[in-house]
Amino acid sequence: MKLLHKDIEKDNAGQVTLMPEEAEDMWHTYNLLQVGDSLRASTIRKVQTESTTGSVGSSRVRTTLTLCVETIDFDSQACQLRVKGTNLEENQYVKMGAYHTIELELNRKFTLAKKSWDSIVLDRIEQACDATQKADVAAVVMQEGLANVVLVTPAMTLLRAKVEVTIPRKRRGSCTQHEKALERFYEAVMQAILRHINFDVVKCILVASPGFVKDQFITYLYKEAVRQDNKILLENRPKFMLVHSSSGHKYSLKGYYLAFIYHLQAAGEVKALEDFYKMLQHEPDRAFYGVAHVEKAADALAIDTLLISDKLFRHQDVPTRSRYVRLVDNVRDNGGNVRIFSSLHVSGERKL
């Protein structure tokens, strides 16, 4: 998702202009929209025309409309989003107050205006527009002299760094130049990892190569981490995973590795939910559920981790939705962790 324009006043009213770039962005947009919002976008309208002879025909024209949102329909299988509402600005094809349905399209911008932008919606925009925030998995795809450091999401592979070092061939009786070049190469890859991978967000780093390049690099990485007392690398050592690739080019990660990456995206949420059920079973006095009990725990500053479904923030009753937003803000303001579960993932389908 691209954020093209943002104009939000101090009273939290305002508008943003966004452009969805991939199917996943339609899911984010669905979570941004609420009944009563104003949506301006390009759309197709069927219009009737009358010729000078009196004959009536119809044609489909592209026009830009601004709707007051009344109905939001999201097809999770096709990732299609349709928004129905009444026209707020009359134009040559559509009268004021007339109903129309806009189907939002990839790579076509839209402008969304709200009377109040709350923290949940603004966080959703930041998450949708910042690829590094949703890239739970990183990969270092390498061969001798070439390495690509990438961040991986379910829909895209984002290149963060490309490392190229000329490695001379081994000479008979002397490998010094070859070994020195390899060491420079490994050092450059290590620095690229430290510079471009956010270990607070990333849950797994795949190190892939043909042959034994990956094994030799990991040996170098761990040795240097110990020598330099690099706490970031030492603390995140379990996140590194060695896999095979056909080359050092970023598109050489194939097959079950990509399936593994996709399912890993929600691993943190699944673990948090399992931890909750374990606590409910073994320490029931520390596990609270139901909005009233959770609100009391929040007021007592007793919440370490709040688990909440994103479905609650799509509630059409504004006071009810605001209640959940206040709960999340309360927990965050007092140092607690908040995990918002996607209702499209198995972890979000299980009821708390």
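Residues numbered from 1 in each chain as written. Predicted model: local features only at pLDDT ≥ 70, side-chain atom pairs only at ≥ 80, totals over all residues. Heavy atoms only, no water.

**Student:** Can you break down the overall build of the protein residue by residue, with the values?
**Tutor:** A tally of regular secondary structure across the protein gives eleven helices and 14 strands. By residue count, 43% of the 352 residues in the protein fall in the buried class. Taking as baseline every contact in the protein between residues at least 6 positions apart, the subset at least 24 positions apart corresponds to 63%. Accessible surface, the protein: about 20,000 Å² in total, of which carbon and sulfur atoms supply 49%. (Helix = DSSP H or I, 4+ residues; strand = E, 2+ residues; numbered from the N terminus. Buried < 20%, exposed > 50% of the residue type's maximum accessible area, 1.4 Å probe, protein only. Contact = heavy atoms within 4.5 Å. Areas by Shrake-Rupley, 256 points an atom, 1.4 Å probe, with all protein chains shown as cover.)

**Student:** Before we move on, can you summarise the packing of helix α9 (residues 291–299) against helix α10 (residues 318–333) with the specific residues and values?
**Tutor:** Viewed as axis vectors pointing N to C, α9 and α10 meet at an angle of 35°, and their least axial separation amounts to 10 Å. In this structure, the crossing between α9 and α10 has a hand that is left-handed. Along its contact with α9, which presents V291, A292, V294, E295, A298 and D299, the element α10 presents R323, Y324, L327, N330 and V331. Considered class by class, the residues forming the contact of α9 with α10 number seven nonpolar, one polar and three charged. (Axes fitted to C-alpha atoms, helices over the stretch in contact; angles between N-to-C directions. Left-handed = near helix turned anticlockwise from the far one by under 90°. Nonpolar A, V, L, I, M, F, W, Y, C, P; charged D, E, K, R; others polar.)

**Student:** Would you mind going over the pairing of strand β1 (residues 2–8) in detail, with residue names and values included?
**Tutor:** Within a regular strand, side chains alternate between the sheet's two faces. Of the strand pairs in this sheet, β1 and strand β2 (residues 14–19) are connected by six bridges, and their pairing is antiparallel. Within the sheet, the bridge partner assigned to I8 lies in β2 and is G14. The antiparallel pairing of β1 with β2 creates a hairpin that spans five residues between the two strands, and N12 there sits at a positive phi of about 75°. (Pairing = 2+ DSSP bridges.)

**Student:** Now, about the confidence of the model for the protein: what can you tell me, with residues and values included?
**Tutor:** Scored by pLDDT, the protein comes out at a mean of 87, with 89% of its residues at no less than 70. Looking across the protein, the model is least confident in helix α11 (residues 346–349), with a mean pLDDT of 46, and most confident in strand β7 (residues 110–114), with 97. In this model, residues 345–349 is a region of pLDDT below 50 whose contacts with residues beyond four sequence positions or in other chains number eleven contacts. (pLDDT = per-residue confidence, 0-100.)

**Student:** With reference to specific residues and values, describe the pairing of strand β5 (residues 80–87).
**Tutor:** For strand β4 (residues 56–75) and β5, the ladder comprises eight bridges, and the chain directions are antiparallel. Following the sheet pairing, C68 is matched in β5 by T86. Bridging between β5 and strand β6 (residues 99–103) involves five bridges; their strand directions are antiparallel. Paired with G85 across the strands is H100, a residue of β6.

**Student:** Describe in detail the side chain of T86, supporting the description with residues and values.
**Tutor:** Mapped onto the elements, T86 comes out in strand β5. Aside from chain neighbours lying at most four places away, what touches T86 is T66, L67, C68, E70, G97, A98 and Y99.

**Student:** With reference to specific residues and values, describe the nonpolar core.
**Tutor:** Ranked by internal contacts, the top residues of the largest apolar core, which has 31 residues, are M142, V189, I205, F217 and F240. Breaking this core down by element, the ones donating at least two residues are β8 (137–143), β9 (146–152), β10 (157–164), α4 (176–196), β11 (204–209) and α5 (213–228). For M142, the contacting residues outside a window of four places in its chain are A147, F185, Y186, V189, V207, A208, S209, P210, V213, F217, S247 and G248. The next biggest cluster of nonpolar side chains, apart from the first, holds 26 residues, and it includes M26, L32, L81 and W117. (Core = buried A, V, L, I, M, F, W, Y, C linked by side-chain atoms within 4.5 Å.)

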